[in-house]
Protein chains: 2
Amino acid sequence: MFGFENMKISSSDAANPVINLDQGDPTAFQEYWMSMTMKERCVVVIPGWDLMSYFSDKTNVCWFLRQDLAEAIKALHRAIGNAATEERYIVVGNGSSQLCQAALFALSSLSEDKPLSIVAAVPYYSTYEEEASYVQSQLYKWEGDARTFNKPGPYIEIVTSPNNPDGTIREPVVNRGGKVIYDFAYYWPHYTPITHRQDHDIMLFTFSKIAGHAGSRIGWALVKDIEVAKKMVQYLTINSIGVSKESQIRATVILNELTKSCRIKSESFFEYGNEKVKTRWESLRWVVDKTGDTFTLPDYPQAFCNFFGKSSSTYPAFAWLGCNEDKDLESLLKEKYVLTRGGERCGSDKKYVRVNMLGPNKDFEDFLNRLLTIKYPNCFEEIPCFEP
Amino acid sequence: MFGFENMKISSSDAANPVINLDQGDPTAFQEYWMSMTMKERCVVVIPGWDLMSYFSDKTNVCWFLRQDLAEAIKALHRAIGNAATEERYIVVGNGSSQLCQAALFALSSLSEDKPLSIVAAVPYYSTYEEEASYVQSQLYKWEGDARTFNKPGPYIEIVTSPNNPDGTIREPVVNRGGKVIYDFAYYWPHYTPITHRQDHDIMLFTFSKIAGHAGSRIGWALVKDIEVAKKMVQYLTINSIGVSKESQIRATVILNELTKSCRIKSESFFEYGNEKVKTRWESLRWVVDKTGDTFTLPDYPQAFCNFFGKSSSTYPAFAWLGCNEDKDLESLLKEKYVLTRGGERCGSDKKYVRVNMLGPNKDFEDFLNRLLTIKYPNCFEEIPCFEP
Ligand SMILES: Cc1ncc(COP(=O)(O)O)c(C=O)c1O
Ligand SMILES: Cc1ncc(COP(=O)(O)O)c(C=O)c1O
């Protein structure tokens, strides 16, 4: 289907443009939406007089959430089986980034101990540290690595599973009765086997990383406790008086299409997406193997995916690339004009980098080529295509 | 043209539904967009494959701002003559609310004194107090009324002109060399005479209050200093990774239509909007007069409007209604099922309330009726229509 093209390795590095694989811009999936079957679908039409009010539903705790978006979210979770939506409040945000901050605000406002400690196990999504620090709130305080955290009292642990940057499946590590924010940005079947339905107090999801619509800035939280939900809504009300209605309309249409697409294997976004990331991972592993012991990649266990009905591995949206010698891998790749996120920003070591696996085909090809030339400066070899 | 219908006063209060004039939901202008001339215009069509990236223009300081929106903003300001856009950075936000917080973050981060004092002259837009307090930042601190502020050292004054809640034209009052954030949400010709082109370091505008598209959550800042602009962008990057592309597209189309509409008097949104708010104000003043000395309203001076080319008054988006006796006016109106914002929330007295003047026609009519029945419980009179 939407395969990954054959790639040529060239040694002409001189005029090579910069490849930015630092941010997680998920544009790889655009080809799905541009395919013959999909191109005409999911078109959103908004007349000038529509969507003018600040409000969506004044009777809802999340008064700026459109009811049709709430329904679309629940339908997709039901179709995928990745999260429980029953007896929960849905809070919509300007991306799950804003919701994570809303959750920090809610949990710390409701806590008696302030500032409340915030931790995440290393390596963590570097943005959490920024989110928890930039306004220098007296409500909470970033305390870094959850594994070495030993302050007594209440705390918040952010658990990302599969993890950004290293793709591992995670559970809380502190386990001393603190609050947990689960970030399930990547708990979708194209990235990882859906082994069970997640069922926690606060779960974050993002529209950005499902089928690639990061420009819409839509995320949602599934929240059990009404007091937490109310405080999160208070944060969003003061912070931005809610969330774009245009984006909510578009997310509704696209999430409904994703749900529908699950019924037809040849049209299924998740079948397509799984092939896409799997193929890229196989190409990357081929290149890393080829370089001998220069680079490392994590191994991921197989698990039975309830959605696909078969055993499969994890194919994360980021590669956690390491080098075997004690080198600064970010700088090494920068010399090849490849921008990545250095491991130190994720609370880890500079011999690791986080590489976006969801950029445009051309960027990914060029990245593989340049990786190979680190080991073999004059190599010219064809990287096999793992298209099924 | 788009007139205000005749209103009947009825004494049947019993089953009257609640009228919410607390928030400033600007839905009154929807009729303009639904009129025969406008109904088919400004339709936005977005296919499923479009607007997927986080980025709009990686070379721009505000990397998530669409270039066409920047152009539309500049064109409208040029057509209206209300603000200088030359040699300025445009920062787009999820409403001007988020931009105000971005500006507080930027100015305080760049200041040596922390927490930086934040003030606004009473009566002020109550949200500023919430925005400056809710996360309990150590960067800045809400200090309330600018008129009584006497701490030495740097500070930020927020100046809203025309002011929310009382519609007055304002200048800074502290004037000791601090930073000023100008909120020009209502500096548009339907609300107030455009007497000169504003030309300050930080000016905030909102898409919500021009033609009524509050649901889109689009605001912009015009910023002179690149360091301030960069810090504001940093805030928006961490807070919400930018701003909905769908909303930006729609704002672009609608702002361009507004600019175009200025050329034809019969189609001009600003002509229409001015008639609309003026008519409502005349009806409200008629009712207030009718009640003798029960209620008060501010008087606004005439001034020459460069845009309309004639002298005119201010017709604010909110009425700052007072009562002559020492009463709690918010409670008094609540007894009539009319929700307003009590003066105390704006740093003022409870004998004042802020009333949204931009709600639906029916709500505004009912509000006037109920206001009259406070003085004349059994009155049944026709409020004249001031349609030109
Ligand atoms: C783990 C994780 N959570 C949240 C986000 C942010 O998502 P959003 O675009 O919804 O703000 C990302 C984006 O890279 C992410 O990797
Ligand atoms: C003075 C003022 N500034 C800002 C805002 C918020 O505007 P936005 O919808 O762009 O967040 C309002 C809304 O009522 C306002 O009155």
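Residues numbered from 1 in each chain as written. Chains lettered and ligands numbered in written order. Predicted model: local features only at pLDDT ≥ 70, side-chain atom pairs only at ≥ 80, totals over all residues. Heavy atoms only, no water.

A.B. asks: When you look at the site of ligand 1 in this model, what are you seeing that I'm missing?
C.D. replies: Residue and element names in this part refer to chain A. Lining the immediate environment of ligand 1, one finds 16 residues, of which Ser 97, Asp 183, Tyr 186, Thr 206 and Ser 208 sit closest. Take Ser 97: an N or O atom from its side chain is 2.6 Å from an oxygen atom of ligand 1. Contacts to ligand 1 include Ser 208, whose side-chain N or O atom sits 2.6 Å from an oxygen atom. In terms of residues, the shell around ligand 1 owes the most to one element, helix H3 (residues 95-109), which gives three residues. Its residues assigned to classes, the shell around ligand 1 shows six nonpolar, seven polar and three charged. (Near = heavy atom within 4 Å. Polar contact = N/O pair within 3.5 Å; in protein donor to acceptor, adjacent residues only side chain to side chain. Helix = DSSP H or I, 4+ residues; strand = E, 2+ residues; numbered from the N terminus. Nonpolar A, V, L, I, M, F, W, Y, C, P; charged D, E, K, R; others polar.)

A.B. asks: Mind showing me how you'd approach the sheet that holds strand E17 (residues 352-356) of chain A here?
C.D. replies: The strands that make up a sheet are held in pairs by hydrogen bonds between backbone atoms, and each pair lies either parallel or antiparallel. Residues and elements named next belong to chain A. One open sheet holds the four strands; their spatial order is E11-E14-E17-E16, and the pairing between them is antiparallel. The open sheet terminates on both sides in strands that have one partner only, identified here as strand E11 (295-296) and strand E16 (341-342). Pairing analysis gives two bridges linking E11 to strand E14 (residues 318-323), with the strands arranged antiparallel. Paired with Phe 295 across the two strands is Cys 323, which belongs to E14. (Pairing = 2+ DSSP bridges.)

A.B. asks: Is there a simple way to explain the relation of the copies chain A and chain B in this structure?
C.D. replies: Mapping one chain copy onto the other needs a rotation about an axis and a shift along that axis. After a rotation of 180° and a shift along the axis of 0.0 Å, chain A superposes on chain B with an RMSD of 0.0 Å. Taken together, the turn and the small shift mark the pair as related by a two-fold rotation axis. When the interface residues of chain A are mapped onto chain B, 100% of them again fall at the interface, so both copies present the same face. (Least-squares fit on C-alpha atoms with pLDDT ≥ 70 in both. Contact = heavy atoms within 4.5 Å.)

A.B. asks: How should the UniProt feature "domain: Alliinase C-terminal" (unreviewed entry) in chain A be read in this particular structure?
C.D. replies: Under the UniProt annotation, "domain: Alliinase C-terminal" (unreviewed entry) lies at residues 19-374 of chain A. Structurally, residues 19-374 of chain A comprises 33% helix and 19% strand, and the distance from its first C-alpha atom to its last is 15 Å. (UniProt positions renumbered as here; feature names shortened; annotations may be inferred.)

A.B. asks: Just to check I follow, could you spell out a nonpolar patch on the surface for this structure?
C.D. replies: A contiguous nonpolar surface patch, about 300 Å² in accessible area, is contributed by Val 43 and Val 45 of chain A together with Val 43 and Val 45 of chain B. Mapped onto the elements of the fold, Val 45 of chain B is located in strand E3 (residues 44-46). On the accessibility criterion, Val 45 of chain B (51% relative accessible area) is exposed. (Patch = residues over 30% accessible without salt bridge, like charges linked within 9 Å, V, L, I, M, F, W, Y side chains within 5 Å. Areas by Shrake-Rupley, 256 points an atom, 1.4 Å probe, with all protein chains shown as cover. Salt bridge = Lys/Arg side-chain N within 4 Å of Asp/Glu carboxyl O. Buried < 20%, exposed > 50% of the residue type's maximum accessible area, 1.4 Å probe, protein only.)

A.B. asks: Please clarify how the side chain of Thr 314 of chain B should be interpreted in this entry.
C.D. replies: Residue and element names in this part refer to chain B. Inspection of the secondary structure puts Thr 314 in the loop between strand E13 (310-312) and strand E14 (318-323). For Thr 314, a relative accessible area of 4% corresponds to the buried category. Within polar-contact distance, the side chain of Thr 314 engages the side chain of Thr 192 at 3.0 Å. In contact with Thr 314, not counting residues within four places along its chain, are Gly 167, Ile 169, Tyr 191, Thr 192, Pro 193, Tyr 300 and Pro 301.

A.B. asks: How do you make sense of the domain arrangement of chain A when you look at a structure like this?
C.D. replies: A common way to report how large an interface is uses the accessible area buried once the components associate. All names here are of chain A. Split by domain assignment, chain A resolves into domain 1 (5-33 + 267-375) and domain 2 (67-261). For the pair domain 1 and domain 2, the summed buried area comes to about 2800 Å², and 63% of that belongs to carbon and sulfur atoms. Our enumeration of links across domain 1 and domain 2 arrives at one salt bridge. Summed over the shared surface of domain 1 and domain 2, the result is 14 residue pairs in polar contact (both at pLDDT 80 or more). (Domains from an automatic or database assignment. Buried area = accessible area lost by both parts, 1.4 Å probe.)

A.B. asks: Is there a simple way to explain the pattern of salt bridges in this structure?
C.D. replies: Side chains that differ in charge, positive against negative, can pair when their charged atoms come close. Under the criterion given, the structure shown has 37 salt bridges over all chains. Close ionic contact of Glu 246 of chain A with Arg 250 of chain B constitutes a salt bridge, the shortest N to O distance being 2.7 Å. Of this pair, Glu 246 of chain A sits in helix H6 (residues 245-261) while Arg 250 of chain B sits in helix H6 (residues 245-261), each in a different chain. Each of the two residues, Glu 246 of chain A as well as Arg 250 of chain B, counts as buried. A cluster of three or more residues bridged by salt bridges with shared partners is formed by Arg 41, Glu 257, Lys 260 and Glu 267 of chain A.

A.B. asks: Just checking my understanding: could you explain the interface of chain A and chain B for this structure?
C.D. replies: Every contact between the two is made by 63 residues of chain A and, on the other side, 63 residues of chain B. Both sides together, the interface formed by chain A and chain B hides about 5300 Å², and carbon and sulfur atoms give 57% of it. Applying the counting criterion to the chain A and chain B interface returns 50 residue pairs in polar contact (both at pLDDT 80 or more). Listing elements by their share of the side of chain A that touches chain B, those giving two or more residues are helix H1 (30-34), strand E3 (44-46), H3, helix H4 (126-133), helix H5 (226-240) and H6 of chain A. By residue number, the principal contributor to the side of chain A that touches chain B is H6 of chain A, which donates five residues. Per-class residue counts for the side of chain A that touches chain B are 27 nonpolar, 24 polar and 12 charged. Note that E3 of chain A and E3 of chain B share three bridges and pair antiparallel. The residue of E3 of chain B that forms the bridge with Ile 46 of chain A is Val 44 of chain B.

A.B. asks: Teacher, can you tell me more about the sheet that holds strand E7 (residues 155-160) of chain B here?
C.D. replies: Residue and element names in this part refer to chain B. Strands sit in the order E4-E10-E9-E8-E7-E5-E6 across an open sheet of seven strands; the sheet is mixed. One side of each edge strand has no neighbouring strand; the edge strands of this open sheet are strand E4 (89-94) and strand E6 (140-145). Here the average twist between neighbouring strands, direction ignored, is 25°. Judged from the two bridges that link them, strand E8 (residues 179-183) and strand E9 (residues 202-206) form a sheet pairing that is parallel. Counterpart to Tyr 182 in the pairing with E9 is Met 203. Strands in contact with helix H2 (residues 67-80) are E4, E9 and strand E10 (218-223); relative to E4, the strand with the most contacts, it is inclined by about 110°. (Axes fitted to C-alpha atoms, helices over the stretch in contact; angles between N-to-C directions.)

A.B. asks: For this particular structure, what's the right way to read the site of ligand 2?
C.D. replies: If you check the shell around ligand 2, you find 16 residues, and the closest are Ser 97, Asp 183, Tyr 186, Thr 206 and Ser 208 of chain B. Around ligand 2, the neighbouring residues derive from chains A and B rather than from a single chain. Between ligand 2 and Lys 209 of chain B there is a distance of 2.9 Å, counted from an oxygen atom to a side-chain nitrogen or oxygen. When isolated, ligand 2 has an accessible area of 400 Å², and the protein chains bury 97% of it. It is helix H3 (residues 95-109) of chain B that provides the largest number of residues to the shell around ligand 2, a total of three residues.

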